[in-house]
Amino acid sequence: MMMRRPILILLLFVLFILEGAVIPWLVPDSWQTRIVPNLVYIVILFVTIYNHRHTALVLGLTFGMLHDIVYYGQIMGTYSFAMGFSAYLMGFIFQTPRAPMPIMMTVIVLGSLVLDSTLFGLYTIFQLNHMTYDWALVNHILPNLFLHFVFGLVIYVPLRSQLEKVNKRSSNEKTA
């Protein structure tokens, strides 16, 4: 377990850097303002299902704060709160230790919807957002949801196997 946890943190940092450095080059110019890929959040959702929701909460708060500082500096703490809250909520709702692919894809879809809706609500409360939810759903939330779903499908098998190995080692260390 001690060997795999730093690899998970490193993976999250690499995805965090890819979100800002490589992904904007891959997204067409007309979609730059519509799609905001949040690849780190998808991996955190895997952690909440295959590891533990408290670990995902801490990772969500930490990497959400990094998102707030580096990418979205209008209000500090919005991404931190939204990522931590939605990851914990998804872990609380779906308490399955070995979730099959359909359940994990449902978690990704619902988690992405909760994350973007929470951000929409927070920005509306603080009057940084002057659009309706219907417009945001069609133009921002659903394209992000589709992108998150595809990314979740791509990383499902390798990430699940690594997280299950982490769980086996942690349970073996607790019994020893």
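Note that the structure is a prediction, hence the values are computed from the model and not measured. Each residue is numbered by its place in its chain's sequence as written, counting from 1. Predicted model: local features are reported for residues with pLDDT of at least 70 only, side-chain atom pairs are reported and counted for 80 or more only, and whole-chain, interface and lining totals are derived from all residues. As a convention, hydrogens and water are excluded, and side-chain values are obtained from all of the structure's heavy atoms.

Caption draft 1: Inspection of the packing of aromatic side chains at higher detail. Any two of the Phe, Tyr and Trp rings considered here, Trp counted by its six-membered ring, make a pair once their centres fall within 6.5 Å; the pair's planes then place it as stacked at under 30 degrees, edge-to-face at over 60, or tilted in between. Enumeration according to the criterion identifies six aromatic pairs in this entry. When the centroid spacing of 6.2 Å and the interplanar angle of 50 degrees are considered together, the rings of F46 and Y156 count as tilted. Placement of F46 in helix α3 (residues 39-50) and of Y156 in helix α7 (residues 133-175) is noted, with a sequence separation of 110 residues between them. Judged by its relative accessible area of 6%, Y156 is buried. With centroids separated by 5.3 Å and ring planes inclined at 70 degrees, the aromatic side chains of F120 and Y133 adopt a geometry described as edge-to-face. Helix and strand labels come from DSSP, where a helix needs a run of H or I of at least four residues and a strand needs a run of E of at least two; each type is numbered from the N terminus. Working definition: with a 1.4 Å probe on protein chains only, accessible area under 20% of the residue-type maximum means buried, over 50% means exposed, and in between means partly exposed.

Caption draft 2: Expanded view of the nonpolar core. Side-chain atoms within 4.5 Å are what join buried Ala, Val, Leu, Ile, Met, Phe, Trp, Tyr and Cys residues into a set we call a nonpolar core. Among the nonpolar cores identified, the biggest contains 39 residues, and I44, F46 and M104 are the most heavily contacted of them. Mapped by element, the contributors of at least two residues to this core are α1 (4-21), α3, α4 (53-70), α5 (78-93), α6 (101-125) and α7. Any two residues whose heavy atoms approach within 4.5 Å are treated as being in contact. Setting aside its immediate chain neighbours within four residues, M104 contacts L45, F46, I49, Y50 and Y156.

Caption draft 3: Focus on the side chain of H67. The topology assignment puts H67 in helix α4. Counting of polar contacts relies on pairs of N or O atoms within 3.5 Å, with two restrictions inside protein: one atom must be capable of donating a hydrogen and the other of accepting it, and residues adjacent in sequence are counted only when both atoms are side-chain atoms. Here the side chain of H67 touches F63 through a polar contact of 2.9 Å, landing on its backbone oxygen. Those residues in contact with H67 that lie beyond four places of it in its chain are F16, E19, N38, V40, Y72, Y79 and M83.

Caption draft 4: View of α3. One less than the residue count of a helix, multiplied by 1.5 Å, gives the span that helix is expected to have. Given a rise of 1.5 Å per residue, 12 residues ought to cover 16 Å, and the 17 Å separating the end C-alpha atoms of α3 matches this to within 8%. Across the 12 residues of α3, 12 count as buried, placing the element largely inside the fold.

Caption draft 5: Examining the pattern of salt bridges more closely. Basic side-chain nitrogens of Lys or Arg form a salt bridge, by our definition, when they fall within 4 Å of a carboxyl oxygen of Asp or Glu. Applying the stated rule across the entire model yields one salt bridge. In this structure, E164 and R160 form a salt bridge, with 2.9 Å as the shortest nitrogen-oxygen distance. In this pair, E164 and R160 are both assigned in helix α7, four residues apart and thus about one turn of the helix distant. Like E164, the residue R160 is buried in the burial classification.

Caption draft 6: Structural detail: the side chain of T118. Secondary-structure assignment places T118 in helix α6. By relative accessible area, T118 is classed as buried at 14%. Once residues lying within four places of it in the same chain are set aside, the contact partners of T118 are F81, A82 and F85.

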